[in-house]
Amino acid sequence: MQGEFELRKFVAPEYVFGVGARNLVGRYARNLGGRKVLVVSDPGVVAAGWTGDVTASLEAEGLSFALFTDVSPNPRAEQVMAGAERYQAEKCNAIVAVGGGSPIDCAKGIGIVSSNKKHILLFKGVDQVQLPMPPLICVPTTGGTSADVSQFAIITDLVERVKIAIISKSVVPDLALIDPLTLTSMDPFLTACTGLDALTHGVEAFVSNASSPMTDLHALEAIRLLSKHLADSIRNPRDVELRVKIMEGSLLAGLAFSNAILGAAHAMAHSLGGEKDAPHGECNAILLDHVIEFNFPASPERFERIAEAMGIDLRGMTPSAKKNALLEKVREIKRAAGLDLVLNRIGVSRSDLPILSDKALRDPCMMTNPRRPNRRDIEVIYEESL
Ligand SMILES: [Fe+2]
(Lines give C-alpha, C1' and ligand atoms only; values in the text may rest on other atoms or scores of the structure.)
Protein backbone atom coordinates (compact mmCIF):
# COMPACT_ATOMS: atom_id res chain seq x y z
CA MET A 1 0.00 0.00 0.00
CA GLN A 2 1.06 3.58 -0.47
CA GLY A 3 3.94 4.91 1.60
CA GLU A 4 4.24 8.47 2.80
CA PHE A 5 7.28 9.25 0.66
CA GLU A 6 6.45 7.39 -2.53
CA LEU A 7 6.10 9.40 -5.72
CA ARG A 8 2.65 9.45 -7.27
CA LYS A 9 1.38 11.23 -10.38
CA PHE A 10 -2.15 12.12 -11.42
CA VAL A 11 -2.99 12.51 -15.10
CA ALA A 12 -6.39 13.73 -16.28
CA PRO A 13 -7.60 15.33 -19.48
CA GLU A 14 -9.56 18.53 -19.71
CA TYR A 15 -13.25 17.67 -19.49
CA VAL A 16 -16.58 19.43 -19.68
CA PHE A 17 -19.34 17.76 -17.67
CA GLY A 18 -23.06 18.47 -18.05
CA VAL A 19 -26.18 18.11 -20.14
CA GLY A 20 -25.48 19.48 -23.62
CA ALA A 21 -21.68 18.97 -23.48
CA ARG A 22 -21.86 16.79 -26.61
CA ASN A 23 -22.90 19.80 -28.68
CA LEU A 24 -19.56 21.54 -27.98
CA VAL A 25 -17.59 19.12 -30.17
CA GLY A 26 -17.43 21.42 -33.21
CA ARG A 27 -16.12 24.42 -31.28
CA TYR A 28 -13.45 22.42 -29.46
CA ALA A 29 -12.40 20.50 -32.57
CA ARG A 30 -11.81 23.79 -34.33
CA ASN A 31 -9.87 25.16 -31.34
CA LEU A 32 -7.66 22.07 -31.45
CA GLY A 33 -6.82 22.79 -35.10
CA GLY A 34 -9.21 20.26 -36.61
CA ARG A 35 -9.82 20.59 -40.35
CA LYS A 36 -11.22 17.19 -41.22
CA VAL A 37 -12.35 14.91 -38.42
CA LEU A 38 -12.64 11.12 -38.32
CA VAL A 39 -15.74 10.40 -36.23
CA VAL A 40 -15.47 6.93 -34.66
CA SER A 41 -18.72 5.46 -33.36
CA ASP A 42 -20.80 2.28 -33.54
CA PRO A 43 -24.16 1.40 -35.09
CA GLY A 44 -26.07 1.42 -31.76
CA VAL A 45 -24.88 4.91 -30.87
CA VAL A 46 -25.65 6.15 -34.38
CA ALA A 47 -29.19 4.74 -34.04
CA ALA A 48 -29.60 6.50 -30.68
CA GLY A 49 -28.87 9.81 -32.41
CA TRP A 50 -25.79 10.88 -30.43
CA THR A 51 -23.41 10.55 -33.38
CA GLY A 52 -25.73 12.75 -35.44
CA ASP A 53 -25.66 15.44 -32.75
CA VAL A 54 -21.87 15.40 -32.86
CA THR A 55 -21.58 15.57 -36.64
CA ALA A 56 -24.15 18.40 -36.69
CA SER A 57 -21.97 20.28 -34.22
CA LEU A 58 -18.93 19.79 -36.51
CA GLU A 59 -20.89 20.99 -39.54
CA ALA A 60 -22.09 24.05 -37.62
CA GLU A 61 -18.43 25.03 -37.22
CA GLY A 62 -17.70 24.41 -40.89
CA LEU A 63 -15.65 21.27 -40.28
CA SER A 64 -15.87 18.29 -42.61
CA PHE A 65 -15.78 14.73 -41.31
CA ALA A 66 -15.63 11.06 -42.28
CA LEU A 67 -17.62 8.50 -40.33
CA PHE A 68 -16.10 5.19 -39.18
CA THR A 69 -18.60 2.92 -37.42
CA ASP A 70 -17.20 -0.54 -38.06
CA VAL A 71 -16.49 -1.10 -34.35
CA SER A 72 -17.67 -4.15 -32.40
CA PRO A 73 -17.87 -4.64 -28.66
CA ASN A 74 -14.34 -5.62 -27.56
CA PRO A 75 -12.78 -3.68 -30.49
CA ARG A 76 -10.38 -5.67 -32.62
CA ALA A 77 -6.91 -4.94 -33.96
CA GLU A 78 -8.24 -5.31 -37.54
CA GLN A 79 -10.88 -2.64 -36.90
CA VAL A 80 -8.20 -0.27 -35.57
CA MET A 81 -6.05 -0.84 -38.65
CA ALA A 82 -9.04 -0.33 -40.99
CA GLY A 83 -9.91 2.88 -39.14
CA ALA A 84 -6.32 4.13 -39.45
CA GLU A 85 -6.43 3.47 -43.21
CA ARG A 86 -9.64 5.43 -43.43
CA TYR A 87 -8.10 8.28 -41.43
CA GLN A 88 -5.21 8.41 -43.90
CA ALA A 89 -7.35 8.03 -47.04
CA GLU A 90 -9.71 10.80 -45.93
CA LYS A 91 -6.76 13.06 -45.00
CA CYS A 92 -8.12 13.65 -41.50
CA ASN A 93 -6.17 15.60 -38.88
CA ALA A 94 -8.31 15.02 -35.75
CA ILE A 95 -10.46 12.28 -34.22
CA VAL A 96 -13.75 12.39 -32.33
CA ALA A 97 -15.00 9.24 -30.58
CA VAL A 98 -18.70 8.95 -29.73
CA GLY A 99 -19.82 5.90 -27.77
CA GLY A 100 -18.89 3.51 -25.00
CA GLY A 101 -15.47 2.05 -24.33
CA SER A 102 -15.34 0.19 -27.64
CA PRO A 103 -15.46 3.16 -30.08
CA ILE A 104 -13.26 5.21 -27.71
CA ASP A 105 -10.58 2.52 -27.42
CA CYS A 106 -10.77 1.93 -31.17
CA ALA A 107 -10.32 5.69 -31.75
CA LYS A 108 -7.29 5.72 -29.44
CA GLY A 109 -5.84 2.82 -31.44
CA ILE A 110 -6.48 4.65 -34.71
CA GLY A 111 -4.71 7.71 -33.29
CA ILE A 112 -1.66 5.70 -32.19
CA VAL A 113 -1.33 3.93 -35.55
CA SER A 114 -1.86 7.14 -37.54
CA SER A 115 1.04 8.88 -35.79
CA ASN A 116 3.40 5.98 -35.26
CA LYS A 117 2.82 4.05 -38.53
CA LYS A 118 3.09 0.60 -36.95
CA HIS A 119 0.63 -2.23 -36.23
CA ILE A 120 -1.50 -1.57 -33.14
CA LEU A 121 -0.48 -4.82 -31.41
CA LEU A 122 3.13 -3.57 -31.22
CA PHE A 123 2.14 -0.97 -28.60
CA LYS A 124 1.08 -3.49 -25.96
CA GLY A 125 2.15 -2.74 -22.38
CA VAL A 126 3.22 0.34 -20.46
CA ASP A 127 4.68 3.45 -22.17
CA GLN A 128 5.27 1.89 -25.59
CA VAL A 129 3.74 4.75 -27.61
CA GLN A 130 6.51 7.02 -28.91
CA LEU A 131 4.70 9.73 -30.87
CA PRO A 132 1.59 11.56 -29.63
CA MET A 133 -1.77 10.94 -31.28
CA PRO A 134 -3.61 13.52 -33.38
CA PRO A 135 -6.08 15.61 -31.33
CA LEU A 136 -8.74 13.31 -29.82
CA ILE A 137 -12.08 14.41 -28.35
CA CYS A 138 -14.26 11.80 -26.62
CA VAL A 139 -18.01 11.89 -26.06
CA PRO A 140 -18.81 8.93 -23.77
CA THR A 141 -22.31 7.45 -24.00
CA THR A 142 -22.04 4.81 -21.26
CA GLY A 143 -21.56 5.33 -17.53
CA GLY A 144 -18.81 2.86 -17.07
CA THR A 145 -15.65 2.40 -19.03
CA SER A 146 -14.22 5.90 -18.54
CA ALA A 147 -11.99 5.40 -21.56
CA ASP A 148 -12.70 9.10 -22.20
CA VAL A 149 -10.46 10.10 -19.29
CA SER A 150 -8.12 7.12 -18.92
CA GLN A 151 -4.61 6.31 -20.04
CA PHE A 152 -5.78 2.85 -21.13
CA ALA A 153 -6.78 1.40 -24.49
CA ILE A 154 -7.88 -2.24 -24.58
CA ILE A 155 -7.76 -3.94 -27.99
CA THR A 156 -8.60 -7.56 -28.84
CA ASP A 157 -6.07 -9.69 -30.70
CA LEU A 158 -8.31 -12.24 -32.43
CA VAL A 159 -5.39 -14.45 -33.47
CA GLU A 160 -4.06 -14.96 -29.95
CA ARG A 161 -7.58 -14.60 -28.47
CA VAL A 162 -6.30 -12.09 -25.97
CA LYS A 163 -7.08 -8.50 -25.01
CA ILE A 164 -3.99 -6.34 -25.01
CA ALA A 165 -3.71 -3.32 -22.72
CA ILE A 166 -1.98 -0.21 -24.01
CA ILE A 167 -1.20 1.98 -21.01
CA SER A 168 0.34 5.35 -21.82
CA LYS A 169 -0.09 9.02 -21.10
CA SER A 170 -0.20 9.34 -24.90
CA VAL A 171 -3.68 7.79 -24.99
CA VAL A 172 -5.25 10.27 -22.58
CA PRO A 173 -7.65 12.21 -24.82
CA ASP A 174 -7.21 15.96 -25.28
CA LEU A 175 -10.76 16.55 -24.15
CA ALA A 176 -13.76 14.63 -22.84
CA LEU A 177 -17.24 16.11 -23.37
CA ILE A 178 -19.23 14.18 -20.78
CA ASP A 179 -22.95 14.54 -21.34
CA PRO A 180 -25.14 12.56 -18.90
CA LEU A 181 -28.12 12.87 -21.25
CA THR A 182 -26.47 10.29 -23.53
CA LEU A 183 -27.00 7.65 -20.82
CA THR A 184 -30.77 7.85 -21.26
CA SER A 185 -30.59 5.66 -24.37
CA MET A 186 -28.92 2.76 -22.53
CA ASP A 187 -31.11 -0.28 -21.91
CA PRO A 188 -31.24 -1.79 -18.37
CA PHE A 189 -28.69 -4.51 -19.15
CA LEU A 190 -26.12 -2.06 -20.57
CA THR A 191 -26.74 0.32 -17.65
CA ALA A 192 -26.13 -2.55 -15.25
CA CYS A 193 -22.99 -3.86 -16.98
CA THR A 194 -21.35 -0.46 -17.38
CA GLY A 195 -22.36 0.59 -13.84
CA LEU A 196 -20.84 -2.54 -12.32
CA ASP A 197 -17.71 -1.98 -14.43
CA ALA A 198 -17.44 1.53 -12.98
CA LEU A 199 -17.99 0.23 -9.44
CA THR A 200 -15.24 -2.33 -10.01
CA HIS A 201 -12.95 0.52 -11.18
CA GLY A 202 -13.59 2.36 -7.90
CA VAL A 203 -13.02 -0.70 -5.71
CA GLU A 204 -9.90 -1.92 -7.53
CA ALA A 205 -8.36 1.57 -7.64
CA PHE A 206 -8.94 2.05 -3.91
CA VAL A 207 -7.19 -1.17 -2.91
CA SER A 208 -4.54 -1.01 -5.67
CA ASN A 209 -0.96 -1.00 -4.48
CA ALA A 210 -0.44 2.09 -6.68
CA SER A 211 -3.20 4.10 -4.98
CA SER A 212 -2.57 7.59 -3.62
CA PRO A 213 -4.49 10.15 -1.57
CA MET A 214 -5.58 11.75 -4.87
CA THR A 215 -6.96 8.54 -6.33
CA ASP A 216 -8.51 7.52 -2.98
CA LEU A 217 -10.61 10.67 -2.93
CA HIS A 218 -12.06 9.93 -6.37
CA ALA A 219 -12.44 6.19 -5.80
CA LEU A 220 -14.41 6.47 -2.54
CA GLU A 221 -16.82 9.07 -3.89
CA ALA A 222 -17.32 6.94 -7.02
CA ILE A 223 -18.14 3.91 -4.85
CA ARG A 224 -20.59 5.98 -2.81
CA LEU A 225 -22.42 7.41 -5.85
CA LEU A 226 -22.56 4.19 -7.85
CA SER A 227 -23.64 1.90 -5.02
CA LYS A 228 -26.33 4.37 -3.98
CA HIS A 229 -27.85 5.21 -7.36
CA LEU A 230 -27.25 2.33 -9.79
CA ALA A 231 -30.37 0.29 -9.06
CA ASP A 232 -32.64 3.37 -9.20
CA SER A 233 -31.01 4.44 -12.45
CA ILE A 234 -31.76 1.03 -13.99
CA ARG A 235 -35.40 1.25 -12.88
CA ASN A 236 -35.82 4.85 -14.08
CA PRO A 237 -33.83 5.06 -17.34
CA ARG A 238 -35.19 8.49 -18.31
CA ASP A 239 -34.41 10.16 -14.98
CA VAL A 240 -31.65 12.59 -15.95
CA GLU A 241 -30.78 13.45 -12.34
CA LEU A 242 -30.00 9.80 -11.64
CA ARG A 243 -28.04 9.56 -14.88
CA VAL A 244 -25.99 12.56 -13.75
CA LYS A 245 -25.10 10.73 -10.51
CA ILE A 246 -24.05 7.63 -12.45
CA MET A 247 -22.01 9.65 -14.94
CA GLU A 248 -20.30 11.47 -12.06
CA GLY A 249 -19.56 8.16 -10.36
CA SER A 250 -18.17 6.75 -13.57
CA LEU A 251 -15.99 9.82 -14.19
CA LEU A 252 -14.57 9.76 -10.66
CA ALA A 253 -13.91 6.02 -10.86
CA GLY A 254 -12.16 6.63 -14.19
CA LEU A 255 -9.90 9.32 -12.77
CA ALA A 256 -9.05 6.97 -9.90
CA PHE A 257 -8.27 3.86 -11.90
CA SER A 258 -6.48 5.62 -14.73
CA ASN A 259 -3.88 6.65 -12.15
CA ALA A 260 -3.99 3.89 -9.53
CA ILE A 261 -4.49 1.13 -12.16
CA LEU A 262 -6.70 -1.88 -11.38
CA GLY A 263 -6.48 -5.42 -10.05
CA ALA A 264 -7.36 -9.08 -10.36
CA ALA A 265 -11.01 -8.58 -11.41
CA HIS A 266 -9.93 -6.62 -14.47
CA ALA A 267 -7.01 -8.94 -15.26
CA MET A 268 -9.45 -11.88 -15.14
CA ALA A 269 -12.17 -9.98 -17.06
CA HIS A 270 -9.68 -9.10 -19.82
CA SER A 271 -8.74 -12.76 -20.07
CA LEU A 272 -12.44 -13.73 -20.39
CA GLY A 273 -13.05 -10.97 -22.94
CA GLY A 274 -10.17 -12.16 -25.11
CA GLU A 275 -10.96 -15.86 -24.89
CA LYS A 276 -14.79 -15.73 -24.98
CA ASP A 277 -15.51 -12.27 -26.46
CA ALA A 278 -17.71 -11.69 -23.38
CA PRO A 279 -19.00 -8.21 -22.38
CA HIS A 280 -16.44 -6.49 -20.17
CA GLY A 281 -18.87 -5.15 -17.56
CA GLU A 282 -20.64 -8.48 -17.22
CA CYS A 283 -17.32 -10.25 -16.60
CA ASN A 284 -16.38 -7.75 -13.88
CA ALA A 285 -19.82 -8.02 -12.30
CA ILE A 286 -19.54 -11.81 -12.10
CA LEU A 287 -16.05 -11.69 -10.60
CA LEU A 288 -16.22 -8.67 -8.27
CA ASP A 289 -17.37 -10.25 -4.98
CA HIS A 290 -15.17 -13.32 -5.47
CA VAL A 291 -12.10 -11.12 -6.02
CA ILE A 292 -12.98 -8.98 -2.98
CA GLU A 293 -13.19 -12.14 -0.89
CA PHE A 294 -9.71 -13.20 -2.08
CA ASN A 295 -8.17 -9.74 -1.59
CA PHE A 296 -9.82 -8.85 1.72
CA PRO A 297 -7.07 -10.27 4.02
CA ALA A 298 -4.42 -8.18 2.22
CA SER A 299 -6.08 -4.89 3.13
CA PRO A 300 -8.97 -5.25 5.60
CA GLU A 301 -8.91 -1.59 6.67
CA ARG A 302 -9.25 -0.42 3.05
CA PHE A 303 -12.16 -2.78 2.39
CA GLU A 304 -13.83 -1.49 5.54
CA ARG A 305 -13.66 2.03 4.13
CA ILE A 306 -15.22 0.73 0.92
CA ALA A 307 -18.02 -0.87 2.98
CA GLU A 308 -18.62 2.45 4.76
CA ALA A 309 -18.72 4.28 1.40
CA MET A 310 -21.44 1.80 0.39
CA GLY A 311 -23.44 2.91 3.41
CA ILE A 312 -22.79 -0.04 5.75
CA ASP A 313 -22.59 0.72 9.47
CA LEU A 314 -19.70 -1.47 10.66
CA ARG A 315 -19.75 -0.38 14.30
CA GLY A 316 -19.57 -3.27 16.76
CA MET A 317 -18.88 -5.89 14.10
CA THR A 318 -16.14 -8.51 14.31
CA PRO A 319 -13.60 -8.51 11.44
CA SER A 320 -15.26 -11.49 9.77
CA ALA A 321 -18.72 -9.93 10.12
CA LYS A 322 -17.39 -6.79 8.42
CA LYS A 323 -16.10 -8.84 5.52
CA ASN A 324 -19.41 -10.70 5.20
CA ALA A 325 -21.38 -7.45 5.34
CA LEU A 326 -19.33 -6.01 2.47
CA LEU A 327 -19.68 -9.18 0.37
CA GLU A 328 -23.43 -9.27 1.01
CA LYS A 329 -23.74 -5.61 -0.01
CA VAL A 330 -21.86 -6.20 -3.28
CA ARG A 331 -24.08 -9.22 -3.99
CA GLU A 332 -27.15 -7.14 -3.22
CA ILE A 333 -26.00 -4.49 -5.73
CA LYS A 334 -25.45 -7.23 -8.32
CA ARG A 335 -28.90 -8.73 -7.66
CA ALA A 336 -30.59 -5.34 -7.87
CA ALA A 337 -28.83 -4.76 -11.20
CA GLY A 338 -29.90 -8.19 -12.49
CA LEU A 339 -26.26 -9.28 -12.71
CA ASP A 340 -26.04 -12.02 -10.07
CA LEU A 341 -24.80 -14.29 -12.84
CA VAL A 342 -22.21 -17.02 -13.27
CA LEU A 343 -19.51 -17.65 -15.85
CA ASN A 344 -21.38 -20.58 -17.36
CA ARG A 345 -23.70 -18.00 -18.85
CA ILE A 346 -20.94 -16.64 -21.07
CA GLY A 347 -19.87 -20.11 -22.18
CA VAL A 348 -17.07 -20.76 -19.69
CA SER A 349 -16.53 -24.32 -18.49
CA ARG A 350 -14.05 -25.90 -16.09
CA SER A 351 -11.78 -26.98 -18.95
CA ASP A 352 -11.25 -23.31 -19.91
CA LEU A 353 -9.85 -22.34 -16.53
CA PRO A 354 -6.13 -23.19 -16.99
CA ILE A 355 -5.76 -21.03 -20.09
CA LEU A 356 -7.94 -18.25 -18.66
CA SER A 357 -5.82 -18.23 -15.51
CA ASP A 358 -2.54 -18.12 -17.46
CA LYS A 359 -3.73 -15.14 -19.47
CA ALA A 360 -5.06 -13.33 -16.41
CA LEU A 361 -1.75 -13.73 -14.61
CA ARG A 362 0.05 -12.07 -17.54
CA ASP A 363 -2.34 -9.08 -17.67
CA PRO A 364 -0.70 -5.82 -16.51
CA CYS A 365 -3.66 -5.08 -14.18
CA MET A 366 -2.56 -8.02 -12.02
CA MET A 367 0.60 -6.08 -11.06
CA THR A 368 -1.34 -3.66 -8.85
CA ASN A 369 -3.62 -6.20 -7.18
CA PRO A 370 -3.16 -5.87 -3.39
CA ARG A 371 -2.63 -9.60 -2.93
CA ARG A 372 -0.24 -11.53 -5.18
CA PRO A 373 -2.09 -14.58 -6.49
CA ASN A 374 -0.59 -17.76 -7.89
CA ARG A 375 -2.12 -19.71 -10.77
CA ARG A 376 -4.14 -21.92 -8.46
CA ASP A 377 -5.59 -18.90 -6.63
CA ILE A 378 -6.85 -17.50 -9.91
CA GLU A 379 -8.29 -20.85 -10.95
CA VAL A 380 -10.15 -21.07 -7.64
CA ILE A 381 -11.67 -17.58 -8.09
CA TYR A 382 -12.83 -18.59 -11.58
CA GLU A 383 -14.19 -21.89 -10.22
CA GLU A 384 -16.18 -20.08 -7.55
CA SER A 385 -17.65 -17.85 -10.28
CA LEU A 386 -18.69 -20.72 -12.59
FE1 LIG B 1 -13.34 -1.79 -16.74
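Residues numbered from 1 in each chain as written. Predicted model: local features only at pLDDT ≥ 70, side-chain atom pairs only at ≥ 80, totals over all residues. Heavy atoms only, no water.

1. So, the pairing of strand S9 (residues 175-178)
Side-chain alternation along S9 places Leu175 and Leu177 on one buried face and Ala176 and Ile178 on a second face that is also buried. Where strand S1 (residues 14-17) lies against S9, 4 bridges are found, and the strand directions are parallel. Looking at the pairing, Glu14 lines up with Leu175 of S9. Where strand S6 (residues 136-140) and S9 come together, 2 bridges link them in parallel fashion. Across the sheet, the residue bridging to Ile137 is Leu175, located in S9. (Buried < 20%, exposed > 50% of the residue type's maximum accessible area, 1.4 Å probe, protein only. Helix = DSSP H or I, 4+ residues; strand = E, 2+ residues; numbered from the N terminus. Pairing = 2+ DSSP bridges.)

2. Quick word on the sheet that holds strand S5 (residues 125-126)
Spatially, S5-S8-S7 is the arrangement adopted by the 3 strands of the open sheet, whose pairing is mixed. The strands lining the two open edges of the sheet, one partner per strand, are S5 and strand S7 (152-157). Bridge analysis of S7 against strand S8 (residues 162-167) gives 6 bridges, and the strand direction is antiparallel. Residue pairing across strands places Thr156 opposite Lys163, the latter belonging to S8.

3. A word on the domain arrangement of the chain
Each assigned domain of the chain is listed with its residue range as follows: domain 1 (14-183) and domain 2 (186-385). Here domain 1 and domain 2 have C-alpha centroids that lie 25 Å from each other. In this assembly, 30 residues from domain 1 lie in contact with 32 residues from domain 2. Of the roughly 2,600 Å² buried at the junction of domain 1 and domain 2 (both faces included), carbon and sulfur atoms supply 65%. It is Arg161, Lys163 and Leu183 that lose the most area in domain 1 upon contact with domain 2, and together they represent 24% of the buried surface on that side. Between Asp277 and Arg76 there is a salt bridge; the shortest N-O distance is 3.4 Å. On inspection of domain 1 and its partner domain 2, the count reaches 12 residue pairs in polar contact (both at pLDDT 80 or more). Contributing elements (two or more residues each) for the side of domain 1 that touches domain 2: S1, S7 and S8. Take the side of domain 1 that touches domain 2: its biggest share by element is 4 residues, from S8. (Domains from an automatic or database assignment. Contact = heavy atoms within 4.5 Å. Buried area = accessible area lost by both parts, 1.4 Å probe. Salt bridge = Lys/Arg side-chain N within 4 Å of Asp/Glu carboxyl O. Polar contact = N/O pair within 3.5 Å; in protein donor to acceptor, adjacent residues only side chain to side chain.)

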